[in-house]
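# Residue-level structure breakdown
If you want the building blocks of each chain, they are given just below.
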Amino acid sequence: VTRAHKAFAVALGVVLVGLEVRAVIGPYEDWPFTSAPMFARYHAADAPLYEVDLVTEEPAGQRHVLSAGDLGLGELTFKRQLFARWYGSTDPRHPAGHHPGDTPAQFSARMAELCGRIARVYERRTGRTVEAFELEVRRLEEGRAVERRVVGRYDVASRHFERRVPP
Amino acid sequence: MSVLRRIDAWAFAPGERHQLGIFRVLFVAWFAYEYATRLFPRLARHAERSTELLAPVSVVGWFGLPAPVPPPWLPVVGLVAVLVLVASLLGVRTRVALVALAALNLWLGATVASFGYTPHASALPALVLVVLACAPGADACSVDAWLRSPRRGAGRATEVLFGRPQSIWPVRLVLVLVCAFYFASGYAKVRYAGFRWADGRTLAFYLQGGSRLGPGEPQRFLESTDAPPAARFRDGWGIEDYAYVGRPTVLGRALGRSPAATRALSCFTLLVELGFPVVLFGRALLAIWLVLGVALHLGIDATLRIDFSAYLVVYLLFIDWKSLAQNALVRRLQHR
């Protein structure tokens, strides 16, 4: 094995292993580098679960839960991006979206940006116009929704996301 | 012997127990199957995705790659994929074909991962393919090797099939990556849940169908048990993460009802994942942990229908195909 060959092998190893170690320490989800957080959070079967949805309000007054399919995405893809990249976890270093020192103002700005993008994609794909989105979270106990909270409302015309302060 | 020399010998000594050419054939055959059954159907669906909702992974940004693959490009990309897969499999212009396949795979995999969902099962094979594309000896068992071999007769077949002993660094590097991936998985559990994860309750939740994968099944979320009140400002409850999903089988549900079984399986999972780096300390430990790894993945597939067969394909790199073939031959001759 020549020196050049060894140097190349070491460089390749440092890059690949280094980027993987960075993902683990980060932690990041940055395919093909991953902190492998699958199934890692503690959760007992009797603990509550939550569902997060965007509810569209159309000019004629119809309201319906926005389906990931309306945006050309799958349910897991849409909701995971919505949560980790835009909504934000209580963990400021969630592997799929870091939001250190997150504030209500930053949260509202992110949601306004996301809802603006979604409105454009939704209107282009479905041909329907939307006036507003409500961001809704439901708490489930034993598989049934026991409480619903509106976290905020995005007005498409003014491009403003108004956060509702939770009880 | 100094530490540096030992590391040098460990990483670069010629290895006779690994035949990268045979691994290349098996690995690329698995990629061909994966492309036909999963990746390209997925790319066809992704092609219509809107760039407004793109969440690009770093690989896309580093190399300025287009994502998603534009719909008019798909037939051409498909044709290129077929060509590099066939060339890599048969070993025609092997090095060029492998480098092209590794680059193509990184691009296509990154576009799939750039909308918010991380396909974990394809991550390790993508990196192993990069190592294989650079590895000496990967062009054995190929048309190239056959054409350039000066020997004739049985000696030629053996040399073409298994190649000559080469520096072992690609095998060592893959081994380190495999260790990093398993350890990361175990470390994540300890990081987020502590060793409480071993009590089996989290596994019981998933095995009992608390978060299912399937048409119409919603993505559900988990709350934090220890986040400070200030971190719960969004909804007041404090959502911490999305739940992962599986499709529990009858066996999985039955095991999920038994606290002793879920505790044992959780301990086993942590043992395999956190303990995987011991494979760096000897062939016997490697053999033991590969068997444990096979059991882990088959168990996950049998209980939650989560397919990590890609990892098992990577394990094929650590098999000494030459010894297997020689032993089989000796046994056959003894039988006669």
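Quick note: structure is the one above.
Read on for an overview of the structure. The numbers attached to residues start from 1 for each chain and follow its sequence in the written order. Think of it this way: whatever chain is written first is A, whatever ligand is written first is 1, and the rest follow in order. Reporting of local features is limited, given that this is a predicted model, to residues whose pLDDT is at least 70; pairs of side-chain atoms are given and counted only at 80 or more, and all residues count toward the totals for whole chains, interfaces and linings. Hydrogen atoms and water are omitted, and side-chain values are computed over all heavy atoms in the structure.

## Overview of unusual backbone geometry
The general pattern is negative phi for most residues beyond glycine and trans for most peptide bonds. Omega for the peptide link from A:Trp31 to A:Pro32 comes to 5°, which places this bond in the cis form. Helix and strand assignments follow DSSP, with helices taken as H or I runs no shorter than four residues and strands as E runs no shorter than two, numbered in order from the N terminus. Following the sequence through the fold, A:Pro32 ends up in the loop between strand 1 (29–30) and strand 2 (33–34). In this structure, B:Pro68 follows B:Ala67 across a cis peptide bond, with omega equal to -5°. By the secondary structure assignment, B:Pro68 is in the loop between helix 3 (58–63) and helix 4 (74–90). Unusually for a residue other than glycine, A:Phe39 sits at a positive phi of about 60°. Mapped onto the elements of the fold, A:Phe39 is located in the loop between strand 2 and strand 3 (49–57). Look at B:Cys141: it is not a glycine, yet its phi comes out positive at around 55°. Note that B:Cys141 resides in the loop between helix 6 (123–134) and helix 7 (143–148).

## Focus on the packing of helix 1 (residues 3–25) of chain A against helix 6 of chain B
As a packed pair, helix 1 of chain A and helix 6 of chain B sit with axes 12 Å apart at the nearest point and diverge in direction by 175°. In terms of their interaxial angle, helix 1 of chain A and helix 6 of chain B are classed as roughly antiparallel. Contact residues: A:Phe8, A:Leu12 and A:Leu16 in helix 1 of chain A; B:Leu127, B:Val130, B:Val131 and B:Cys134 in helix 6 of chain B. Throughout this entry, Asp, Glu, Lys and Arg are counted as charged residues, while Ala, Val, Leu, Ile, Met, Phe, Trp, Tyr, Cys and Pro are counted as nonpolar. The remaining residues, Gly among them, count as polar. Each residue belonging to the contact of helix 1 of chain A with helix 6 of chain B can be placed in one class, and the counts come to seven nonpolar, no polar and no charged. Lines fitted to the C-alpha atoms define the axes, with helices restricted to the stretch that makes contact. Angles between their N-to-C directions range from 0 to 180 degrees. Note on angle classes: values under 35 degrees are labelled roughly parallel, values over 145 roughly antiparallel, values of 65 to 115 roughly perpendicular, and the remainder oblique. Contacts: residue pairs with any heavy atoms within 4.5 Å of one another.

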